[in-house]
Amino acid sequence: MRVIVQSRERKRRVRIKDVRSWAKKVLEQLGIKRGELSVLLVDDDEIHALNLKYLGRDRPTNVMAFPMDGPAPGILGDVVISTETARREAQEAGIGTEEYIALLLIHGILHLLGYDHERDAGEALRMQRKERELLGLLFSGP
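Rules of the game
Residues numbered from 1 in each chain as written. Predicted model: local features only at pLDDT ≥ 70, side-chain atom pairs only at ≥ 80, totals over all residues. Heavy atoms only, no water. Pairing = 2+ DSSP bridges. Helix = DSSP H or I, 4+ residues; strand = E, 2+ residues; numbered from the N terminus. Axes fitted to C-alpha atoms, helices over the stretch in contact; angles between N-to-C directions. Contact = heavy atoms within 4.5 Å. Parallel < 35°, antiparallel > 145°, perpendicular 65-115°, else oblique. Left-handed = near helix turned anticlockwise from the far one by under 90°. Nonpolar A, V, L, I, M, F, W, Y, C, P; charged D, E, K, R; others polar.

(A) Spotlight on the sheet that holds strand β2 (residues 36–42). One open sheet accounts for four strands, arranged β1-β2-β4-β3; its pairing is mixed. On the outer flanks of this sheet lie β1 (2–7) and β3 (63–67), each paired with one strand and no other. When the angles between neighbouring strand axes are averaged without regard to direction, this sheet yields 15 degrees. The sheet contacts of helix α2 (residues 44–55) involve β2, β3 and β4 (75–82), and relative to β3 the element is tilted by about 50 degrees. Running at roughly 60 degrees to β4, helix α3 (residues 83–93) makes contact with β2 and β4 of the sheet.

(B) Representation of the packing of helix α1 (residues 16–29) against helix α4 (residues 97–112). One way to put it is that α1 packs onto α4 with a least axis distance of 10 Å and a crossing angle of 45 degrees. What the angle tells us is that α1 and α4 run oblique. Here α1 and α4 pass one another in a crossing that is right-handed. Contacts from D18, V19, W22, A23, V26 and L27 in α1 reach E98, I101, A102, L105, I106 and I109 in α4. For the contact of α1 with α4, the per-class residue count stands at ten nonpolar, no polar and two charged.

Have a look at this one:
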């Protein structure tokens, strides 16, 4: 599985190699062995513009997922994470920033695979369980 990670953060930066490693481990655990995933790390103003353009929501958000619907086989899609929002939300939740960014990455990947927490409460619970399971694999000791 090819994972492309780019950072357009202007403020504090997240380690790209960590994000790539997390994504590869998550995809492996989910049984995704071939294809391509793109991850983009941005600040609030960039994700705000994307949120407005694609979802009509005039505010920043923490993560967005863009599944690939085109003719290119094996391309899973794009996950965009606002590390600025992630840092704020991690602090509010009392968890580490890296762990929270990994959770947002997992959340985005699950959306690319068809999970949808907004339509159905049962699906939301299933998605939340899967997120916690995968996060536990990334942050469960040495």
